[in-house]
Amino acid sequence: MRCTSFNSVLLRQFLLLLSLFCLPGTLVYAAEESKPITGAEAKPKEFEDSENLLKQKRDGVESPAKQKAKPATSAAASAKAAAAQREKDDLEADALADKIAKKMAELHKENELKKAQIPLRRPEPKPVYRAPVPAGMPHGSNLAGDTPSAAHDVHWSYEGEGGPQRWGKIDPANAKCDIGERQSPIDIRGGIRVDLEPVQFDYKPVRFNVIDNGHTIQVNLGAGNFITILGRRYELAQFHFHKPSEERINGRNYDMVAHMVHKDVDGKIVVVAVLIEQGKPNSLIQTVWNNMPLEKNDTVQPSGTLDMNQILPTNRQYFTYMGSLTTPPCTEGVLWVVIKEPIEVSQDQISIFSRMYPMNARPTQNTSGRLIKESN
Ligand SMILES: [Zn+2]
């Protein structure tokens, strides 16, 4: 009987202590079971000992040493001994409660200290958007790791320290920009006039998104737009703009150019360049401008589709030559198709692009005797 009332007092104390000190993330024990129900931390040894002692008290089990020490005397002596034992038990219980309280206070303190040491959530670097289009289309894009990296402090640009003359120096991966002999863009002149097979355009309306990648405005396109040239089929992945046009025709450049980047299953790249000059507004360009991101490296994903037929001029005669990407890493082996007839966009439409990118054209490169073909 005594044990029951003693245990209930002790348990209440224990539960009170638990409620005071058990915080989220620390141990929570079920009073009846003495088993952890949450928390993965190990119980401190000292705490476990105290808990076992408490359990022994509750179950009325005494240690063998204590049982041995129990005196076998008369009833009066027994009553006296029992009273003494009760007093001793009470003292022990108090000591035990103190011990538990101290241990729990320590745990609480440790926990607070741990919490204080956890740094504030660090701002995560802005994720680079990975468009739902074929990967590995670096021309004018930052889809394929073309982002500033800690490895080189100066990032490429169109002027100053990171300007075109230094592209090959600011990153060894851009060596071709310096030493390549089939670089783009070029001043197209002296081409040979031949019967070039028309490029077959199989374009249809597809979903798109618009990204400001820090070098240009780029439109990533969903699957389904193809061209066929020289018997090979290439899929259009993205297109982007330069101002003024990077390519020159007999020394003349245009207000802007759109580079449409296609790739085949082997990774070969064909860029179709559509020259742009001031004139009537173009509805496709307007759709793109309507969806321009507000900030660099942001992407806008409109709900509609884009029909790339609207960016093609009626006459699709072209110049063709072998060149390179016009942005780092200036990879060569790119087949260029420069459509002779420009399309028109309005002055306002040019101005809108110019607000963000007044000049993003690489200077023309040495042709080094490359053959240029031209539709008759
Ligand atoms: Zn380009």
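Owing to the predicted nature of the structure, the values given are computational and were not obtained by experimental measurement.

**A look at the overall build of the protein**
- Assigned secondary structure in the protein consists of eight helices and 17 strands.
- Taking all contacts inside the protein whose residues are at least 6 apart in sequence as the whole, residues at least 24 apart take part in 66%.

**Structural notes on the confidence of the model for the protein**
- On average, residues of the protein score 77 in pLDDT, and 60% of them reach the 70 mark or higher.
- Across residues 1-6, confidence stays below pLDDT 50; counting only partners more than four residues off in sequence or on other chains, it has five contacts.
- Considering only residues more than four positions removed or in separate chains, one finds that residues 140-152, a stretch of pLDDT under 50, has 29 contacts.

**As for the nonpolar core**
- In terms of nonpolar packing, the biggest core is built from 51 residues, with V271, V272, A273, V274, I276 and V337 touching the most fellow members.
- The element that contributes the greatest number of residues to this core is strand β12 (residues 269-278), accounting for eight residues.
- Once you skip the residues sitting within four places of it in the chain, I276 turns out to touch Y254, D255, M256, V257, A258, P342, I343 and V345.

**So, the pairing of strand β8 (residues 226-229)**
- Here β8 shows a clear split, with I227 and I229 buried on one side and none of F226 and T228 buried on the other.
- In terms of strand pairing, strand β5 (residues 200-202) meets β8 through three bridges, oriented antiparallel. Counted as the bridge partner of Q200 is T228 from β8.
- For β8 and strand β9 (residues 232-242), the ladder comprises four bridges, and the chain directions are antiparallel. Bridging from a neighbouring strand, I229 pairs with R232 of β9.
- In sequence, β8 turns back onto β9 through a hairpin of two residues, with L230 there showing a positive phi of about 50°.

**Brief notes about the pairing of strand β7 (residues 217-221)**
- Along β7, five of the five residues are buried, which leaves the element largely enclosed by surrounding structure.
- Sheet topology places strand β6 (residues 206-212) next to β7; five bridges connect them, and they run antiparallel. By the bridge assignment, N209 is partnered in β7 with N220.
- Taking the residues between adjacent antiparallel strands as the criterion, β6 and β7 are bridged by four residues, where G214 takes a positive phi near 90°.
- Pairing of β7 with β9 involves three bridges; the strand directions are antiparallel. Opposite V219, over in β9, you have F239 as the bridge partner.

**A look at the environment of Y158**
- With respect to the helices, strands and loops of the structure, Y158 is situated in the loop between α4 (75-117) and α5 (167-170).
- With 203 residues separating them in the primary sequence, Y158 and A361 have C-alpha atoms 7.1 Å apart.
- For Y158, the contacting residues outside a window of four places in its chain are G163, P164, M359 and N360.

**Considering the environment of S157**
- Position of S157 relative to the elements: it lies in the loop between α4 and α5.
- A residue is classified by how many C-beta atoms lie within 10 Å of it, and S157, with 16 of them, is partly exposed.
- Once the C-alpha coordinates of S157 and W167 are considered, the two residues, 10 residues apart in sequence, prove to be 8.2 Å apart.
- Beyond its immediate sequence surroundings of up to four residues, S157 is in contact with G162 and G163.

**Some remarks on unusual backbone geometry**
- Residue P244 is bonded to the preceding K243 through a cis peptide linkage, with omega at -10°.
- Tracing the backbone shows P244 in the loop between β9 and β10 (248-249).
- For the bond running from P328 to P329, omega is 10°, close enough to zero to count as cis.
- Residue N297 is not a glycine yet carries a positive backbone phi of 65°.

**Re the environment of E161**
- Relative to the helices and strands, E161 resides in the loop between α4 and α5.
- Non-local contacts of E161, meaning those with residues more than four positions away in its chain, are made with V154 and R166.

Scoring rules and cut-offs
Each chain has its residues counted from 1, following the order in which its sequence is written. In keeping with the model being predicted, local features are shown solely for residues with a pLDDT of at least 70 and side-chain atom pairs are shown and tallied solely at 80 or more, while totals for entire chains, interfaces and linings include all residues. Only runs of H or I of at least four residues qualify as helices and only runs of E of at least two qualify as strands under DSSP, and these elements are numbered from the N terminus. Contact between two residues is assigned when their C-beta atoms, built from the backbone, lie within 7 Å. For every residue, the predictor assigns a confidence score, pLDDT, that lies between 0 and 100. Nonpolar cores are built from buried Ala, Val, Leu, Ile, Met, Phe, Trp, Tyr and Cys residues. These are joined into a set through C-beta atoms within 7 Å. Every C-beta atom is placed from the backbone, and the number of other C-beta atoms within 10 Å of a residue's own sets its class: buried at 20 or more, exposed at 12 or fewer, partly exposed in between. We call two strands paired when DSSP finds no fewer than two bridges between them.

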